[in-house]
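# Descriptive analysis of the structure
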Amino acid sequence: MISHRTARFMAAGMLVAFASTGCTTVSQAEPKQGSDSPASGSATASALGVNEAARALLPAAIRDKGVLSIASDPTYPPFEFYDTDNKTLIGWDADMGDAIGAVLGLKVEHVPATFDTILPGLQSGKYDLGMSTFSVTEERRKSVDFVPYLQGGTGLAVAPGNPDKLSVDAASLCGKAVAAQKGSIQSLDILPVFSKKCTEAGNPAIDMQFFPTQNDANLALTSGRVQGVMADSVSLAYQGKLAGGKFEVAEGPDYAPELTGTALGKKSELLPAIQAATQAVLESPTYQEINTKWGLPSSTAITPVDVVLK
């Protein structure tokens, strides 16, 4: 998942004003939309016309149905979360999904799902696409295909001031309680590898605690049950603001930057159309508009060439 230090995130001018002093997790925050706040919906996608070449690549069944179902875990702002009505799914992935649908001439149906159930749902045909800031890893590519749309790494959320002096480095986390969301690369790959490094060096293992939603992991941090939360730090910084500064991203470079993108069932007939549509969005002003709307630094953007994986 994408990550950047808090300073870079704030410098990108993203920050949405939210009420917050009493809230401890993202889900408890009560957003107050002002002139700088992201608007609900996907107005940026409306400027895109249908790309007939991309639409021609659609499987007949999808083209005839006219609907593209996209699963996302709505606990991960600014990428996917509920608007103030607690029903409308908004965020970067929602806008990007709407843009892809507009290019293909399809209506988009955003389906809320728990993060660790989305990839299995793609394999079973329950959803057409998964857009929930999935990191493109070799392990995941064994079971699903990807169409990249961003790039970035991993960060660590800590208590304000970072009293335990933690960082995204195994040596600083040995013996500490660190949370992550189930099914994320942080829970599946990074934390287990870090913990093994600790024990191999004769230090205590990391107390790894995995939660079904990012909100749950953040609550574990703000309630003192864990000392850190590992996820992408663009999202963590945004969530920290929503939580009234109850946590922040630890200083230090991003860990293991990599591509992030749309997931599809393995060998899905949709792949060529989604690749072409994503390239069309990346080549349009809409891509930068979506990035700016949700405060993503320019370093997260990719080029159309990056969309097709080797």
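Residues numbered from 1 in each chain as written. Predicted model: local features only at pLDDT ≥ 70, side-chain atom pairs only at ≥ 80, totals over all residues. Heavy atoms only, no water.

Looking now at the packing of helix H4 (residues 92-104) against helix H10 (residues 271-282). Where H4 meets H10, the closest approach of the two axes is 9 Å, and the angle between their N-to-C directions is 105°. When the interaxial angle is binned, H4 and H10 end up roughly perpendicular. Facing H4, whose interface residues are Met-96, Ala-99, Ile-100, Val-103 and Leu-104, H10 presents Ala-273, Ile-274, Ala-277, Thr-278, Ala-280, Val-281 and Leu-282. Residues belonging to the contact of H4 with H10 are distributed by class as follows: 11 nonpolar, one polar and no charged. (Axes fitted to C-alpha atoms, helices over the stretch in contact; angles between N-to-C directions. Helix = DSSP H or I, 4+ residues; strand = E, 2+ residues; numbered from the N terminus. Parallel < 35°, antiparallel > 145°, perpendicular 65-115°, else oblique. Contact = heavy atoms within 4.5 Å. Nonpolar A, V, L, I, M, F, W, Y, C, P; charged D, E, K, R; others polar.)

Turning our attention to the sheet that holds strand S4 (residues 75-76). As summarised here, the arrangement of the three strands in space is S4-S5-S6, forming an open sheet in which the pairing is antiparallel. Of all strands in the sheet, those with a lone pairing partner are S4 and strand S6 (89-90), marking the two edges. Pairing of S4 with strand S5 (residues 80-82) involves two bridges; the strand directions are antiparallel. Each residue of the ladder has a partner; that of Thr-75, found in S5, is Phe-81. (Pairing = 2+ DSSP bridges.)

Before going further, it helps to spend a moment on the state of the cysteines. Applying the stated rule across the entire model yields one disulfide. Here Cys-174 connects covalently by a disulfide to Cys-198, the sulfurs 2.1 Å from one another. The sign of the -90° torsion about the S-S bond sets the Cys-174-Cys-198 disulfide as left-handed. In this pair, Cys-174 sits in the loop between helix H6 (170-173) and strand S10 (177-181) while Cys-198 sits in helix H7 (residues 185-200), placing the two residues 24 residues apart along the sequence. (Disulfide = S-S within 2.5 Å.)

The next thing to look at is the environment of Asp-145. Among the secondary structure elements, Asp-145 is positioned in strand S9 (residues 144-158). The sequence separation of Asp-145 and Leu-264 amounts to 119 residues, and the corresponding C-alpha distance is 5.2 Å. Those residues in contact with Asp-145, other than ones at most four positions away along the chain, are Thr-262, Ala-263, Leu-264, Gly-265, Lys-266, Lys-267, Ser-268 and Leu-271. Among the polar contacts made by the side chain of Asp-145, one reaches the main-chain amide nitrogen of Lys-267 at a distance of 2.7 Å. (Polar contact = N/O pair within 3.5 Å; in protein donor to acceptor, adjacent residues only side chain to side chain.)

Turning to the environment of Ala-243, a few remarks are in order. Residue placement: Ala-243 occurs in the loop between helix H9 (233-242) and strand S13 (248-249). Classification of Ala-243 as buried rests on a relative accessible area of 0%. Counting along the chain gives 25 residues from Ala-243 to Asn-218, while the straight-line C-alpha distance between them is 9.2 Å. (Buried < 20%, exposed > 50% of the residue type's maximum accessible area, 1.4 Å probe, protein only.)

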